[in-house]
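Topology and contacts: notes
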Amino acid sequence: MADTKRISRGGVEEGEDETEDSHLELELSAFRAQWMSELLPSAGCRVVKGRSHASELQRRQEAQEEKARELFLRAVDEEENGSVYEAIKYYRRAMQIVPDIEFRINYTRSPDPDEEGNLEGSEGDIDDLLSYFMQQLTLQGSSQTICEPENEATTQVHISVLPREVLMYIFRWVVSSDLDMRALEQLSLVCRGFYICARDPEIWRLACLRVWGRGCTKVLPFSSWRDMFLERPRVRFDGLYISKITYIRQGEESLDGFYRAWHQVEYYRYLRFFPDGQVMMLTTPDEPQVTVPQLRSRNARMESVLVGHYRLSQDTDNQTKVFVVVAKRKEEKSRFNKRNPVNDAEHSFHVGLQLASGGRQRFNKLIWIHHSCQITYRSTGETVVTAFDMDKMYTPLFFARVKSYTSFSERPL
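1. Looking at the pattern of salt bridges
With the rule as written, the count across this model stands at nine salt bridges. A salt bridge links R205 to E202; its shortest N-O distance comes to 2.8 Å. In this pair, R205 and E202 are both assigned in helix α8 (residues 201-212), three residues apart and thus about one turn of the helix distant. Overall, the relative accessible area of 37% leaves E202 in the partly exposed class. The partner of E266 in a salt bridge is K244, with the nearest N and O atoms 4.0 Å apart. You can see E266 sitting in strand β2 (residues 260-273) and its partner K244 sitting in strand β1 (residues 239-253), a full 22 residues away along the chain. The exposure class of E266 is partly exposed, given its relative accessible area of 36%.

2. Some details on a nonpolar patch on the surface
Together, V157, I159, V161, L162, V166 and I170 make up a nonpolar patch on the protein surface, roughly 490 Å² of accessible area in all. Looking at the element boundaries, L162 is found in the loop between α4 (129-139) and α5 (164-175).

3. Observations regarding the packing of aromatic side chains
On inspection of all chains with the given rule, the structure shows nine aromatic pairs. Taking 5.8 Å as the distance between ring centres and 65° as the angle between the ring planes, the aromatic pair formed by W204 and F229 counts as edge-to-face. One end of the pair, W204, is in helix α8; the other, F229, is in helix α9 (residues 225-231), and 25 residues separate them in sequence. The pair formed by W204 and F229 is uniform in burial state, with each residue classed as buried. Note on W368 and Y394: the rings are 5.1 Å apart at their centroids and 65° apart in plane angle, and the pair reads as edge-to-face. Highlighted residues: W368 in strand β7 (residues 365-377) and Y394 in the loop between β8 (383-387) and β9 (397-401), separated in sequence by 26 residues. We classify Y394 as buried; its relative accessible area is 14%. An aromatic cluster is present here, built from Y241, F273, Y310 and F399 joined pairwise through their rings. Here R234 stacks its cationic end above the ring of F229, 4.1 Å away from the centre of that ring. The ring centre of Y405 lies 3.9 Å from the NZ or CZ of R272, which sits over that ring.

4. Section: the confidence of the model for the protein
Mean pLDDT over the protein: 75, with 74% of residues reaching 70 or higher. By mean pLDDT, the top-scoring element of the protein is strand β3 (residues 278-284) (89), and the lowest-scoring one is helix α3 (residues 113-116) (37). Here residues 108-126 scores under 50 on pLDDT; set against residues more than four positions off or in separate chains, the count is eleven contacts. Note on residues 332-336: pLDDT under 50 across the span, and two contacts to partners over four residues away in sequence or across chains.

Conventions used here
Residues numbered from 1 in each chain as written. Predicted model: local features only at pLDDT ≥ 70, side-chain atom pairs only at ≥ 80, totals over all residues. Heavy atoms only, no water. Salt bridge = Lys/Arg side-chain N within 4 Å of Asp/Glu carboxyl O. Helix = DSSP H or I, 4+ residues; strand = E, 2+ residues; numbered from the N terminus. Buried < 20%, exposed > 50% of the residue type's maximum accessible area, 1.4 Å probe, protein only. Patch = residues over 30% accessible without salt bridge, like charges linked within 9 Å, V, L, I, M, F, W, Y side chains within 5 Å. Areas by Shrake-Rupley, 256 points an atom, 1.4 Å probe, with all protein chains shown as cover. Phe/Tyr/Trp six-rings, centres within 6.5 Å; stacked < 30°, edge-to-face > 60°. Lys NZ or Arg CZ within 6 Å of the ring centre and 35° of its normal. pLDDT = per-residue confidence, 0-100. Contact = heavy atoms within 4.5 Å.

Put into structure tokens, the structure is as follows:
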């Protein structure tokens, strides 16, 4: 009996152990299921949060760009109305938000509904604005007058009473001998009549003759004289071409031989062209703020300035080149120069440049292709030519517009 009881108790103990193990397995599987159920929604939340963050960032960028666009267009309107200071303020605020907002804006605007009927079914686009303005003036019965006064009650004499020949002579004074065609384009924005006068073919033909000489007799392959002046490669006259040269020069060694000094050398080259074929060239360490005003006149009294002439040449490779010959001004003979001996040698510099366009401006870059010095001895008539190597010191010259060069007119076109 004792053995039977012991065996039965052992069986009961083993059954209890199996029941506990099954409970543990069930609890463990329930814990795993709960852990997986908690893990999967959290990962999904992270993905959703990431997507929502990206969409929120995109919405913010779009809102900033829209705000910058509104500020920039408001600045354009202020500038058109003559409020320059207000325009600068809005321009600055727009570019602080989006630095390249100028290149993201589409300037096309919907036509004014009040003027849409006057276009006679042209869908708001006028291909030939000159013909359209001439047609409008003819329809209004004012073909004899270029413009009309805005206020008829004024007692002052209006410019519209002048004959067209006198007005065209005034326009030639605006262009002047310096070929300030930019001022002519600004004058054409006054009214429709001034726009017609500014597109007069004779003015643009005379400008082309001043640039390319009497060999420029045919308009082809260009559509008009104005098109030729704008599209054909040429040098610009409303400023000057500037090149900055920088290099490192080794200095002398110290007395103890411990160190050697190095010097950074900077200097500038300036080139200014004139419509009559003259040119000025200057090499100086002075910065443009100092040098540019001194080159306003072609009779600049500077000892280091070189004067001469230039010509344009278009080779078979369709590349326009500028050839320049400059020399130092000859000293005027006076009683004070009798004591100074006359220099027997004459120096002249021959420069070859290739005209190119860089960036958004046209014909604003001159690339060096040749530079030589020609020395002629008066006593023997011998000429010595020294050609310089086109190394890194011959950096391209870039055009810089100077407003003061065309602020006054010396004579008409």
